[in-house]
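Here is how the chains run, residue by residue.
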Amino acid sequence: MPEEIPETTADETPAVTLWVDADACPRAAREIILRAAERTHTPTWMVANHTLPLPPSAWVKARSVAQGFDAADDLIAASVRPGDLVITSDLPLAQEVIERGADVMTTRGEPLSADNVRAKVQMRDFLETLRASGEQTRGPDAYGDTERREFANALDRWLRRHT
(Lines give C-alpha, C1' and ligand atoms only; values in the text may rest on other atoms or scores of the structure.)
Protein backbone atom coordinates (compact mmCIF):
# COMPACT_ATOMS: atom_id res chain seq x y z
CA MET A 1 0.00 0.00 0.00
CA PRO A 2 1.32 3.47 -0.82
CA GLU A 3 2.48 5.92 1.80
CA GLU A 4 -0.36 7.82 3.40
CA ILE A 5 -1.79 11.05 2.01
CA PRO A 6 -3.41 13.20 4.69
CA GLU A 7 -7.09 12.46 5.22
CA THR A 8 -9.35 15.46 5.64
CA THR A 9 -11.62 16.26 8.54
CA ALA A 10 -15.41 16.49 8.42
CA ASP A 11 -15.35 20.26 7.89
CA GLU A 12 -12.92 19.99 4.98
CA THR A 13 -12.95 18.23 1.64
CA PRO A 14 -14.39 14.70 1.69
CA ALA A 15 -11.66 12.08 1.50
CA VAL A 16 -12.05 10.84 -2.06
CA THR A 17 -8.81 9.98 -3.79
CA LEU A 18 -7.73 10.49 -7.38
CA TRP A 19 -5.77 7.58 -8.84
CA VAL A 20 -3.89 8.34 -12.06
CA ASP A 21 -2.65 5.61 -14.37
CA ALA A 22 0.34 7.82 -15.14
CA ASP A 23 2.24 5.58 -17.56
CA ALA A 24 0.28 6.84 -20.56
CA CYS A 25 -1.11 10.04 -19.06
CA PRO A 26 -0.17 13.04 -21.22
CA ARG A 27 1.99 15.63 -19.49
CA ALA A 28 -0.67 18.30 -20.05
CA ALA A 29 -3.26 16.15 -18.27
CA ARG A 30 -0.85 15.52 -15.36
CA GLU A 31 -0.39 19.28 -14.97
CA ILE A 32 -4.17 19.79 -14.89
CA ILE A 33 -4.51 17.05 -12.26
CA LEU A 34 -1.73 18.58 -10.13
CA ARG A 35 -3.35 22.01 -10.13
CA ALA A 36 -6.83 20.60 -9.43
CA ALA A 37 -5.60 18.43 -6.54
CA GLU A 38 -3.81 21.37 -4.92
CA ARG A 39 -6.77 23.70 -5.41
CA THR A 40 -9.31 21.24 -3.96
CA HIS A 41 -7.02 19.52 -1.42
CA THR A 42 -7.78 16.16 -2.99
CA PRO A 43 -5.40 13.27 -2.20
CA THR A 44 -3.94 12.13 -5.52
CA TRP A 45 -1.68 9.24 -6.50
CA MET A 46 0.24 9.19 -9.78
CA VAL A 47 1.09 5.50 -10.32
CA ALA A 48 3.63 4.48 -12.97
CA ASN A 49 6.32 1.92 -13.66
CA HIS A 50 8.89 4.70 -13.82
CA THR A 51 9.82 7.66 -11.65
CA LEU A 52 7.67 10.71 -12.24
CA PRO A 53 9.10 14.14 -11.54
CA LEU A 54 6.52 15.99 -9.45
CA PRO A 55 6.75 19.27 -7.58
CA PRO A 56 6.57 19.01 -3.77
CA SER A 57 2.96 18.65 -2.64
CA ALA A 58 0.99 17.63 0.40
CA TRP A 59 -1.77 16.33 -1.89
CA VAL A 60 -0.07 14.70 -4.89
CA LYS A 61 2.30 11.77 -4.54
CA ALA A 62 3.96 9.51 -7.08
CA ARG A 63 4.27 5.79 -6.70
CA SER A 64 6.67 3.80 -8.85
CA VAL A 65 5.89 0.12 -9.20
CA ALA A 66 8.11 -2.71 -10.33
CA GLN A 67 8.53 -3.08 -14.06
CA GLY A 68 6.04 -5.60 -15.25
CA PHE A 69 2.89 -6.05 -17.22
CA ASP A 70 -0.01 -4.25 -15.50
CA ALA A 71 1.90 -3.62 -12.25
CA ALA A 72 0.59 -0.04 -12.03
CA ASP A 73 -2.91 -1.20 -12.88
CA ASP A 74 -2.75 -3.88 -10.19
CA LEU A 75 -1.73 -1.35 -7.53
CA ILE A 76 -4.54 1.03 -8.52
CA ALA A 77 -7.14 -1.75 -8.58
CA ALA A 78 -6.03 -3.02 -5.16
CA SER A 79 -6.05 0.46 -3.61
CA VAL A 80 -9.15 2.13 -5.04
CA ARG A 81 -12.22 2.62 -2.86
CA PRO A 82 -15.84 3.25 -3.83
CA GLY A 83 -16.25 6.91 -4.71
CA ASP A 84 -12.64 7.44 -5.79
CA LEU A 85 -11.83 8.64 -9.31
CA VAL A 86 -9.44 6.72 -11.53
CA ILE A 87 -8.02 8.59 -14.51
CA THR A 88 -7.04 6.12 -17.19
CA SER A 89 -7.56 5.17 -20.81
CA ASP A 90 -6.80 1.53 -20.00
CA LEU A 91 -10.17 -0.14 -20.57
CA PRO A 92 -9.56 -3.39 -18.63
CA LEU A 93 -8.39 -1.33 -15.62
CA ALA A 94 -11.43 0.92 -16.01
CA GLN A 95 -13.74 -2.07 -16.06
CA GLU A 96 -12.15 -3.53 -12.92
CA VAL A 97 -12.29 -0.37 -10.84
CA ILE A 98 -15.85 0.40 -11.95
CA GLU A 99 -16.81 -3.01 -10.57
CA ARG A 100 -15.19 -1.92 -7.28
CA GLY A 101 -17.37 1.21 -7.13
CA ALA A 102 -14.91 3.82 -8.41
CA ASP A 103 -15.61 6.44 -11.04
CA VAL A 104 -13.45 6.49 -14.16
CA MET A 105 -12.54 9.26 -16.56
CA THR A 106 -10.17 9.21 -19.52
CA THR A 107 -7.53 11.90 -20.00
CA ARG A 108 -9.83 13.29 -22.68
CA GLY A 109 -12.58 13.88 -20.11
CA GLU A 110 -14.77 10.98 -21.20
CA PRO A 111 -16.56 9.31 -18.29
CA LEU A 112 -16.49 5.52 -18.35
CA SER A 113 -19.21 3.60 -16.56
CA ALA A 114 -20.73 0.15 -16.28
CA ASP A 115 -23.07 1.26 -19.07
CA ASN A 116 -20.35 1.96 -21.66
CA VAL A 117 -17.08 0.29 -20.68
CA ARG A 118 -17.97 -3.25 -21.77
CA ALA A 119 -18.83 -2.07 -25.31
CA LYS A 120 -15.57 -0.10 -25.46
CA VAL A 121 -13.57 -3.17 -24.37
CA GLN A 122 -15.28 -5.24 -27.07
CA MET A 123 -14.53 -2.61 -29.73
CA ARG A 124 -10.90 -2.43 -28.61
CA ASP A 125 -10.62 -6.23 -28.83
CA PHE A 126 -12.23 -6.20 -32.29
CA LEU A 127 -9.80 -3.54 -33.56
CA GLU A 128 -6.89 -5.48 -32.06
CA THR A 129 -8.03 -8.56 -34.00
CA LEU A 130 -8.20 -6.49 -37.20
CA ARG A 131 -4.68 -5.17 -36.64
CA ALA A 132 -3.39 -8.70 -35.98
CA SER A 133 -4.81 -9.78 -39.33
CA GLY A 134 -2.88 -7.02 -41.11
CA GLU A 135 -5.62 -4.40 -41.33
CA GLN A 136 -4.44 -0.86 -40.67
CA THR A 137 -6.54 1.03 -38.17
CA ARG A 138 -6.29 4.61 -37.02
CA GLY A 139 -5.02 5.43 -33.55
CA PRO A 140 -6.40 8.16 -31.33
CA ASP A 141 -6.14 11.80 -32.37
CA ALA A 142 -3.24 13.83 -30.98
CA TYR A 143 -3.70 15.30 -27.50
CA GLY A 144 -4.18 18.98 -28.21
CA ASP A 145 -5.83 22.08 -26.81
CA THR A 146 -9.37 20.75 -27.30
CA GLU A 147 -8.64 17.50 -25.48
CA ARG A 148 -6.84 19.33 -22.69
CA ARG A 149 -9.75 21.76 -22.26
CA GLU A 150 -12.37 18.98 -22.27
CA PHE A 151 -10.40 17.03 -19.67
CA ALA A 152 -9.91 20.06 -17.41
CA ASN A 153 -13.62 20.90 -17.57
CA ALA A 154 -14.71 17.30 -16.89
CA LEU A 155 -12.29 16.96 -13.96
CA ASP A 156 -13.49 20.26 -12.46
CA ARG A 157 -17.13 19.14 -12.76
CA TRP A 158 -16.32 15.81 -11.07
CA LEU A 159 -14.41 17.51 -8.26
CA ARG A 160 -17.24 20.01 -7.66
CA ARG A 161 -19.72 17.14 -7.29
CA HIS A 162 -17.52 14.93 -5.11
CA THR A 163 -15.41 17.20 -2.91
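In case you missed it, the structure is sitting above this.
These numbers come from a predicted model, not from an experiment. (Residues numbered from 1 in each chain as written. Predicted model: local features only at pLDDT ≥ 70, side-chain atom pairs only at ≥ 80, totals over all residues. Heavy atoms only, no water.)

*Asks:* Can you walk me through the overall build of the chain in this structure?
*Replies:* Counting its secondary structure elements, the chain contains 5 helices and 6 strands. Listing every helix and strand of the chain by position from the N terminus yields β-α-β-β-α-β-α-β-β-α-α. Contacts in the chain between residues at least 24 apart in sequence constitute 54% of all its contacts with a sequence separation of at least 6. Surface accessibility of the chain: about 9,100 Å² in total, with carbon and sulfur atoms responsible for 50%. (Helix = DSSP H or I, 4+ residues; strand = E, 2+ residues; numbered from the N terminus. Contact = heavy atoms within 4.5 Å. Areas by Shrake-Rupley, 256 points an atom, 1.4 Å probe, with all protein chains shown as cover.)

*Asks:* Whenever I open this one, the side chain of Ser57 confuses me. Can you help?
*Replies:* Tracing the chain through its elements places Ser57 in the loop between strand E2 (44-48) and strand E3 (60-64). Separated by 2.9 Å, the side chain of Ser57 and the backbone nitrogen of Trp59 make a polar contact. (Polar contact = N/O pair within 3.5 Å; in protein donor to acceptor, adjacent residues only side chain to side chain.)

*Asks:* Explanation requested: the sheet that holds strand E5 (residues 103-105) in the structure shown.
*Replies:* Reading across from one edge, E3-E2-E1-E4-E5-E6 is the order of the 6 strands in this open sheet, with mixed pairing throughout. If you trace the sheet from one side to the other, it starts and ends with E3 and strand E6 (111-112), each paired once. Of the strand pairs in this sheet, strand E1 (residues 18-21) and strand E4 (residues 85-87) are connected by 3 bridges, and their pairing is parallel. Note that in E4 the partner of Leu18 across the bridge is Leu85. (Pairing = 2+ DSSP bridges.)

*Asks:* Hey, could you run me through the packing of aromatic side chains in this one?
*Replies:* One pass over the structure, following the stated rule, counts 1 aromatic pair. A ring pair is formed by Trp19 and Trp45, whose centres lie 6.2 Å apart and whose planes are at 15°; its orientation type is stacked. Linking Trp19 in strand E1 with Trp45 in strand E2, this pair joins segments that are 26 residues apart in sequence. By relative accessible area, Trp45 is classed as buried at 4%. (Phe/Tyr/Trp six-rings, centres within 6.5 Å; stacked < 30°, edge-to-face > 60°. Buried < 20%, exposed > 50% of the residue type's maximum accessible area, 1.4 Å probe, protein only.)

*Asks:* When you look at the environment of Ile32 in this model, what are you seeing that I'm missing?
*Replies:* Here Ile32 is to be found in helix H1 (residues 27-40). Its relative accessible area of 8% is what places Ile32 among the buried residues. The sequence separation of Ile32 and Arg148 amounts to 116 residues, and the corresponding C-alpha distance is 8.3 Å. Residue contacts for Ile32: discarding those within four places in its chain leaves Arg148, Phe151, Ala152 and Leu155.

*Asks:* What am I meant to see in the packing of H1 against helix H5 (residues 145-162) here?
*Replies:* Two measures define how a pair of helices packs: the angle their axes make with one another and the distance between the axes. Remark: H1 packs on H5, axes separated minimally by 10 Å, with the N-to-C direction vectors making an angle of 25°. By the angle class used here, H1 and H5 are roughly parallel. Like other packed secondary-structure pairs, H1 and H5 cross with a definite hand, here right-handed. Facing H1, whose interface residues are Ala28, Ala29, Ile32, Ile33, Ala36, Arg39 and Thr40, H5 presents Arg148, Phe151, Ala152, Leu155, Asp156 and Leu159. Looking at the contact of H1 with H5, its residues break down into 9 nonpolar, 1 polar and 3 charged. (Axes fitted to C-alpha atoms, helices over the stretch in contact; angles between N-to-C directions. Parallel < 35°, antiparallel > 145°, perpendicular 65-115°, else oblique. Left-handed = near helix turned anticlockwise from the far one by under 90°. Nonpolar A, V, L, I, M, F, W, Y, C, P; charged D, E, K, R; others polar.)

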